[in-house]
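The residues making up each chain are set out below.
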Amino acid sequence: MKNNRQNEILDIIKLFNIETQEELIIKLRERGYDVTQATVSRDIRELKLVKITSGDNSYKYAAPTGDDKRDYNSKYKYIIRETVTDVDYACNLVILKTMPGMAQASAAAIDGLGWNELVGSIAGDDTVFIAMRSEKKASEYAEQFKNIINLV
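To start, this report covers the structure provided alongside it.

Parameters at a glance
- Residues numbered from 1 in each chain as written.
- Predicted model: local features only at pLDDT ≥ 70, side-chain atom pairs only at ≥ 80, totals over all residues.
- Heavy atoms only, no water.
- Helix = DSSP H or I, 4+ residues; strand = E, 2+ residues; numbered from the N terminus.
- Rg over C-alpha atoms; globule rule 2.2 N^0.38 Å.
- Buried < 20%, exposed > 50% of the residue type's maximum accessible area, 1.4 Å probe, protein only.
- Core = buried A, V, L, I, M, F, W, Y, C linked by side-chain atoms within 4.5 Å.
- Contact = heavy atoms within 4.5 Å.
- Pairing = 2+ DSSP bridges.
- Axes fitted to C-alpha atoms, helices over the stretch in contact; angles between N-to-C directions.
- Parallel < 35°, antiparallel > 145°, perpendicular 65-115°, else oblique.
- Nonpolar A, V, L, I, M, F, W, Y, C, P; charged D, E, K, R; others polar.
- Phe/Tyr/Trp six-rings, centres within 6.5 Å; stacked < 30°, edge-to-face > 60°.
- Salt bridge = Lys/Arg side-chain N within 4 Å of Asp/Glu carboxyl O.
- Expected span 1.5 Å × (residues − 1).
- Arc of directions from axis to C-beta.

Our next topic: the overall build of the chain. When helices and strands are counted, the chain shows 6 helices and 6 strands. Along its sequence from the N terminus, the chain presents helices and strands in the succession α-α-α-β-β-α-β-β-α-β-β-α. For 152 residues, the compact-globule estimate of 2.2 N^0.38 gives 15 Å, and the chain exceeds it by more than 25% at 19 Å. Here the C-alpha coordinates of the chain stretch approximately 55 × 35 × 25 Å along the principal axes. Per-residue burial for the chain yields a buried fraction of 33% across its 152 residues.

What follows is the structure, given as structure tokens:
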């Protein structure tokens, strides 16, 4: 059901200039999907839809292109570079120290990079714990983080 709905959303935004979630809800309901704003909001986030200019000084939803993925990666790395202050690892964990209050933003950026070797991350106020698949991967990724934040 979810996949069908999300495919329908992609079809709708290709066919129509959808500017708001409300417009998208209306189109989905016209096609037989009884959706809530929360569901549509979640679908937009999962599909990584972006707003682009529609040519008439308004905006519309669009699916990201391959180039957008590169743009996201550079933005994620920028967030990491600007928030992480120190990197270490122990066993299969990479530990990042961040500026106060920035650990969750850092963890979200790290998760956004989509590294397969990363099992998951947990963020507090100024510390992020990242579980890797092995100690070797933790060591390698600690070095990658150091390169991102220019600690080496």
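With 22 residues, the main nonpolar core has Ile-80, Val-87, Val-94, Leu-96, Ile-130 and Phe-145 as its most contacted residues. Of all the elements in the fold, those that place two or more residues in this core are helix H4 (66–83), strand S3 (84–90), strand S4 (93–98), helix H5 (103–113), strand S6 (127–132) and helix H6 (135–148). With near-sequence residues (within four places) excluded, Phe-145 lies in contact with Ile-80, Val-87, Val-94, Leu-96, Ile-110, Trp-115 and Ile-130. In terms of nonpolar packing, the next biggest core, distinct from the first, is built from 14 residues, Ile-9, Leu-28, Tyr-33 and Ile-44 among them.

We now examine the sheet that holds S4. Strand order in this open sheet of 4 strands is S3-S4-S6-S5, and the pairing throughout is antiparallel. Sheet topology places S3 and strand S5 (118–123) at the edges, where each strand pairs with a single neighbour. Across the sheet, the mean angle from the axis of one strand to that of its neighbour is 20°, orientation sign disregarded. In the sheet, S3 pairs with S4 via 6 bridges, with the strands oriented antiparallel.

As a further point, take the packing of helix H2 (residues 21–30) against helix H3 (residues 37–47). In contact at an axis separation of 10 Å, H2 and H3 are set at 105° when each is read in the N-to-C sense. By the angle between their directions, the pair H2 and H3 is classed as roughly perpendicular. Across the interface between the two elements, Gln-21, Leu-24, Ile-25 and Leu-28 of H2 pack against Gln-37, Val-40, Ser-41 and Ile-44 of H3. Its residues assigned to classes, the contact of H2 with H3 comprises 5 nonpolar, 3 polar and no charged.

Inspection of the entire model under this criterion finds 2 aromatic pairs. A ring pair is formed by Trp-115 and Tyr-141, whose centres lie 4.7 Å apart and whose planes are at 50°; its orientation type is tilted. Of the two residues, Trp-115 sits in the loop between H5 and S5 while Tyr-141 sits in helix H6, which places them 26 residues apart along the sequence. You can call Trp-115 buried: its relative accessible area is 18%.

All right, on to the pattern of salt bridges then. This model, assessed by the stated rule, comprises 9 salt bridges. One salt bridge connects Glu-8 with Arg-31, and the closest N-O pair in it is separated by 2.4 Å. Placement of the pair is Glu-8 in helix H1 (residues 2–15) and Arg-31 in the loop between H2 and H3, with a sequence separation of 23 residues. A relative accessible area of 30% means that Arg-31 is categorised as partly exposed. For Lys-136, the salt bridge identified is with Glu-140, shortest N-O distance 3.0 Å. Of this pair, Lys-136 and Glu-140 both sit in helix H6, 4 residues apart, which is roughly one turn of that helix. By relative accessible area, which is 58% here, Lys-136 ends up exposed. Here the salt bridges do not stand alone but share partners, grouping Glu-8, Asp-11 and Arg-31 into one network.

All right, on to H6 then. Since there are 3.6 residues in each turn of an α-helix, residues three or four apart along the chain are aligned in direction. Taking 1.5 Å of rise per residue, the 14 residues of H6 would be expected to cover 20 Å, and the 20 Å separating its terminal C-alpha atoms lies within 8% of that figure. Buried within H6 are the following residues: Ala-138, Tyr-141, Ala-142, Phe-145 and Ile-148. All buried residues of H6 project into a common sector of 115° when viewed along the axis, lining one side. After H6 finishes, the residue Asn-150 shows a positive phi value of roughly 60°.

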